[in-house]
Amino acid sequence: GAVVSQHPSWVICKSGTSVKIECRSLDFQATTMFWYRQFPKQSLMLMATSNEGSKATYEQGVEKDKFLINHASLTLSTLTVTSAHPEDSSFYICSAREAGGRGDTQYFGPGTRLTVL
Amino acid sequence: GDSVTQMEGPVTLSEEAFLTINCTYTATGYPSLFWYVQYPGEGLQLLLKATKADDKGSNKGFEATYRKETTSFHLEKGSVQVSDSAVYFCALNNRNSGNTPLVFGKGTRLSVIA
């Protein structure tokens, strides 16, 4: 149990286009999902906290108009990278925390590798 | 604020060697402690966890004991395999801080050679 999926697993796009990444909790409901960015050989950098039915909370330095987050249901959160540029190329990872139940464990998706040409 | 410090890598071991990756934390109250593993090109997988002092988390031959007196949660494995090569992250969740994300250490890269 406690599986989180991401789609797509990788994407290549042209500079200036927008890319949407989906994060789904497959067998549990997640009131809170988190979006991270990871550069090669580095730790995870938290971008934002996404709460179902409310606006996301962004970390300092993360542009909310650049990285649009929508947590439309208890099993789905999306991250849209708008007008992507090569510097947005990175590995994006989402995680979900189950509502009640298993409490404070975060379960991670497999990640999405974004390459902007 | 809360923080996690883990030994810097990379750590290179021969197959069947003993592994220790040190992790210490700073937090108010009684956090839950976690070890996650990240294999190349993949997301993070929960390896083990402990929610209170003296708890031992274990999985796949890995163990870690929640030591409140030393604020530590060191990861150990008696005999590593090549397939254990990955990056290991120590993390904590401070339940006193509400619905906040995990606080991660910087990760320790382990390479096991045959």
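Here's what I pulled together on the structure shown here. All residue numbers here refer to positions counted from 1 along the written sequence of the relevant chain. To label them, take the chains in the order written and letter them from A, then take the ligands in the order written and number them from 1. Confidence filtering applies because this is a predicted model: local features only for residues at pLDDT of at least 70, side-chain atom pairs given and counted only at 80 or more, and all residues used for totals across whole chains, interfaces and linings. The basis for every side-chain value is the complete set of non-hydrogen atoms in the structure, without hydrogens or water.

## Quick word on the side chain of Thr32(A)
At step 1: Of note, Thr32(A) is situated in strand β4 (residues 30–38).
At step 2: Summary of the burial criterion: residues with accessible area below 20% of their type's maximum are buried, those above 50% are exposed, and those between are partly exposed, where the area comes from a 1.4 Å probe applied to protein chains only. On the accessibility criterion, Thr32(A) (1% relative accessible area) is buried.
At step 3: In protein, a polar contact means a hydrogen-donor-capable atom and an acceptor-capable atom, both N or O and within 3.5 Å, with residues adjacent in sequence counting only if both atoms are side-chain atoms; elsewhere, any N or O pair within 3.5 Å suffices. A polar contact is formed between the side chain of Thr32(A) and the side chain of Asn51(A), at a distance of 3.0 Å.
At step 4: Throughout, a residue-residue contact means that at least one pair of heavy atoms, one from each residue, lies within 4.5 Å. Apart from the residues lying within four places of it in its own chain, the contact partners of Thr32(A) are Thr49(A), Ser50(A), Asn51(A), His71(A), Ser95(A), Ala96(A), Arg97(A) and Asn99(B). Labels follow the DSSP assignment, with helices taken as runs of H or I lasting at least four residues and strands as runs of E lasting at least two, numbered in each case from the N terminus.

## Considerations on the state of the cysteines
At step 1: Throughout, disulfides are identified as pairs of cysteine sulfur atoms within 2.5 Å of each other. Per the stated rule, a full pass over the model turns up 2 disulfides over all chains.
At step 2: The disulfide that involves Cys23(B) links it to Cys90(B), with 1.9 Å between the sulfurs. Judged by the torsion about the S-S bond (-70°), the Cys23(B)/Cys90(B) disulfide is left-handed. Here the residue Cys23(B) occupies a position in strand β4 (residues 23–26), and Cys90(B) occupies one in strand β10 (residues 86–93), the gap between them amounting to 67 residues.
At step 3: A residue is classified by how much of its surface remains accessible, and Cys90(B), at 1% relative accessible area, is buried.
At step 4: In this model Cys13(A) remains outside any disulfide bridge; the closest cysteine sulfur is found in Cys94(A), 18 Å from its own.

## Quick look at the pattern of salt bridges
Residues and elements named next belong to chain B.
At step 1: Throughout this description, the term salt bridge denotes a Lys or Arg side-chain nitrogen within 4 Å of a carboxyl oxygen of Asp or Glu. One pass over the full model with this rule turns up 5 salt bridges over all chains.
At step 2: Here Asp 55 ties to Lys 52 by a salt bridge, and the two come within 3.3 Å at their closest N and O atoms.
At step 3: With a relative accessible area of 22%, Asp 55 lands in the partly exposed category.
At step 4: Of the charged contacts, one joins Lys 56 and Glu 63 as a salt bridge, the two residues approaching to 3.6 Å between their closest N and O atoms.

## Section: the environment of Glu22(A)
Residue and element names in this part refer to chain A.
At step 1: Residue position: Glu 22 is located in strand β3 (residues 19–25).
At step 2: Put simply, Glu 22 and Cys 94 are 72 residues apart on the chain and 8.8 Å apart in space, counted from C-alpha to C-alpha.
At step 3: A distance of 3.5 Å separates polar atoms of two side chains, one belonging to Glu 22 and the other to Arg 24.

## Examining the interface of chain A and chain B
One widely used convention gives an interface's size as the accessible area the parts lose upon coming together.
At step 1: Counting residues at the interface gives 22 residues for chain A and 21 residues for chain B.
At step 2: Both faces combined, the contact of chain A with chain B buries some 1500 Å², and carbon together with sulfur accounts for 51% of it.
At step 3: Applying the counting criterion to the chain A and chain B interface returns 0 salt bridges.
At step 4: In this assembly, chain A and chain B are joined by 7 residue pairs in polar contact (both at pLDDT 80 or more).
At step 5: Listed by contribution, the elements that provide at least two residues to the side of chain A that touches chain B are β4, β5 (44–51), β9 (90–98) and β10 (106–108) of chain A.
At step 6: Just so you know the grouping, Ala, Val, Leu, Ile, Met, Phe, Trp, Tyr, Cys and Pro go in nonpolar, Asp, Glu, Lys and Arg go in charged, and all remaining residues, Gly too, go in polar. Each residue belonging to the side of chain A that touches chain B can be placed in one class, and the counts come to 9 nonpolar, 9 polar and 4 charged. Buried area, as used here, totals the accessible surface that two parts lose on assembly, with accessibility defined by a 1.4 Å probe and the loss added over both.

## Description of unusual backbone geometry
At step 1: Note the cis peptide between His7(A) and Pro8(A), where omega equals 0°.
At step 2: As for its placement among the helices and strands, Pro8(A) is situated in the loop between β1 (4–7) and β2 (10–13).
At step 3: Omega for the bond connecting Gly9(B) with Pro10(B) falls within 30 degrees of zero, at 0°, which places this linkage in the cis form.
At step 4: Within the secondary structure, Pro10(B) sits in the loop between β1 (3–6) and β2 (11–14).
At step 5: In this structure, Glu16(B) takes a positive phi of about 75° despite not being glycine.
At step 6: Tracing the sequence through the fold places Glu16(B) in the loop between β2 and β3 (19–21).

## Some details on the sheet that holds strand β7 (residues 56–59) of chain B
All names here are of chain B.
At step 1: By the convention used here, strands pair only if DSSP detects at least 2 bridges between them. Sheet architecture is open: 4 strands sit in the order β3-β9-β8-β7, paired in antiparallel fashion. Where the open sheet ends on each side, the last strands, each with one partner, are β3 and β7. Across this sheet, the average inter-strand angle for adjacent strands is 15°, counted without regard to direction. Helix axes are fitted only over the stretch in contact, all axes being lines through C-alpha atoms; the angle between N-to-C directions runs from 0 to 180 degrees.

## What to know about the pairing of β3(A)
Residue and element names in this part refer to chain A.
At step 1: Only one face of β3 is buried: it carries Val 19, Ile 21, Cys 23 and Ser 25, and the other face, with Lys 20, Glu 22 and Arg 24, is open.
At step 2: With 4 bridges connecting them, β1 and β3 associate as antiparallel partners. Its bridge partner lying in β3, Gln 6 is registered against Cys 23.
At step 3: Bridge count between β3 and strand β8 (residues 76–81): 6 bridges; the pairing is antiparallel. Note that in β8 the partner of Val 19 across the bridge is Val 81.

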